[in-house]
Amino acid sequence: MRTSALKEAAVTVVLPHYDCAGYLGAAAASVLAQDRTDLRLVVVDDCSPDEAWTAALRPYADDPRLTVLRTSENVGHLRIKNKVLQRADTPYIAFQDADDISLPGRLRRQLPMLERGRADLVGCAYEYIDAAGRSTGRRRMPRNGNLWMRLGRSTVLLHPSSVVRREVLERLGGFDGTVRLGADTDFHLRAARLYRLRSVRHVLYRYRIWPQSLTQAPGTGFGSAERLSYTRAMSEQERRRREAATREELLPLLLAPPNDIDFTLEPVAVGG
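Residues numbered from 1 in each chain as written. Predicted model: local features only at pLDDT ≥ 70, side-chain atom pairs only at ≥ 80, totals over all residues. Heavy atoms only, no water.

Asker: How would you explain the side chain of Asp120 if you had to name every residue and give the values?
Answerer: Tracing the sequence through the fold places Asp120 in the loop between α4 (106-115) and β6 (121-129). Only 2.9 Å separates the side chain of Asp120 from the backbone nitrogen of Arg196, close enough to count as a polar contact. Apart from residues no more than four positions distant in its own chain, Asp120 is found in contact with Leu114, Val163, Val164, Arg165, Val168, Tyr195 and Arg196. (Helix = DSSP H or I, 4+ residues; strand = E, 2+ residues; numbered from the N terminus. Polar contact = N/O pair within 3.5 Å; in protein donor to acceptor, adjacent residues only side chain to side chain. Contact = heavy atoms within 4.5 Å.)

Asker: Describe in detail helix α7 (residues 183-191), supporting the description with residues and values.
Answerer: Burial within α7 is extensive, with eight of its nine residues counted as buried. Within the span of α7, buried status applies to Ala183, Thr185, Asp186, Phe187, His188, Leu189, Arg190 and Ala191. (Buried < 20%, exposed > 50% of the residue type's maximum accessible area, 1.4 Å probe, protein only.)

Asker: Can you explain the nonpolar core? Please cite residues and give values.
Answerer: Core analysis: the largest hydrophobic core is formed by 40 residues, its most contacted members being Val11, Leu24, Leu41, Leu57, Leu107 and Val163. Among the elements that line this core, the one with the most residues is helix α1 (residues 21-32), at six residues. Not counting residues within four places of it along the chain, the set of residues in contact with Leu41 comprises Val13, Leu15, Ala28, Val31, Leu32, Arg65, Leu66 and Thr67. Ranked by size, the runner-up nonpolar core spans 35 residues in total, among them Ile80, Met149, Met234 and Leu265. (Core = buried A, V, L, I, M, F, W, Y, C linked by side-chain atoms within 4.5 Å.)

Asker: Describe the confidence of the model for the protein chain, and please don't skip the residues or the numbers.
Answerer: Model confidence for the protein chain is summarised by a mean pLDDT of 93, while 96% of its residues fall at 70 or above. Every residue in residues 1-6 is under pLDDT 50, and counting partners more than four places away or in other chains gives 12 contacts. (pLDDT = per-residue confidence, 0-100.)

Asker: Could you give an account of the packing of α7 against helix α8 (residues 225-243), naming the residues involved and the relevant values?
Answerer: The N-to-C vectors of α7 and α8 enclose an angle of 10°; their axes lie 10 Å apart at closest approach. Looking at the two axes, α7 sits roughly parallel to α8. Contacts from Ala183, Thr185, Asp186, Leu189 and Arg190 in α7 reach Tyr230, Met234, Glu238 and Arg241 in α8. When the residues that make up the contact of α7 with α8 are grouped by side-chain class, the tally is four nonpolar, one polar and four charged. (Axes fitted to C-alpha atoms, helices over the stretch in contact; angles between N-to-C directions. Parallel < 35°, antiparallel > 145°, perpendicular 65-115°, else oblique. Nonpolar A, V, L, I, M, F, W, Y, C, P; charged D, E, K, R; others polar.)

Asker: How would you explain the packing of aromatic side chains if you had to name every residue and give the values?
Answerer: Evaluation of the coordinates by the stated rule reveals six aromatic pairs. Ring centres 5.7 Å apart and planes at 75° place the aromatic pair Phe95 and Phe175 in the edge-to-face group. Here the residue Phe95 occupies a position in strand β4 (residues 92-95), and Phe175 occupies one in the loop between α6 (166-172) and α7, the gap between them amounting to 80 residues. Side by side, Phe95 and Phe175 carry an identical accessibility label, which is buried. (Phe/Tyr/Trp six-rings, centres within 6.5 Å; stacked < 30°, edge-to-face > 60°.)

What follows is the structure, given as structure tokens:
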């Protein structure tokens, strides 16, 4: 990482991907084109089966804000985010999915809420798009996620559209490092116990729904056995938090299990 040009970065944007060459270039470009330029973009390949994805990043190879890494084995996006967090030194961490698009004003509108002390985790409204990028609808998330969670709602933010204080992730241990899916909701549930979850009402993110995405594929999508199993475990843990009688009982229940796979991140050259 060429740190000399990046000392003043405010936010690290983490973009994991697996075999997503068709959309990766546009996703990375949408981050690098943000009108808040004080960012670092960390793209992490999760051991894709070939090198086709590197061509998608070649146009941005000379941008000093871009770092490209590869995992030593396939581990899933949650373990990757925990690993990147260990080396991040910016005050804020943002997320981006490899098949989605951040609209130009995303960070310009989200970061001030964190910088002015109004929130600790900030999402936004978003637009659904299909495989071809056509708009299929919009969704606004509640301004005050904590209030809606107290009313019984568990989904108050779209995880890849969010920006969070790094200290929040560090205090809570990041994401559940023992699973490949579902733990973004678990993180929001844990964070809401101690921190303020807010959303910008503007549409700042384009969220792609297509058959091969993690939330739609038969083995990992909504309704899959793996996701239902994790949802049950997550609900049980949340029940234990609700029943905690003291802060001393609650705090250990807010910590995520660490990564259960030992892997490395190696730099990848995409220029040439």
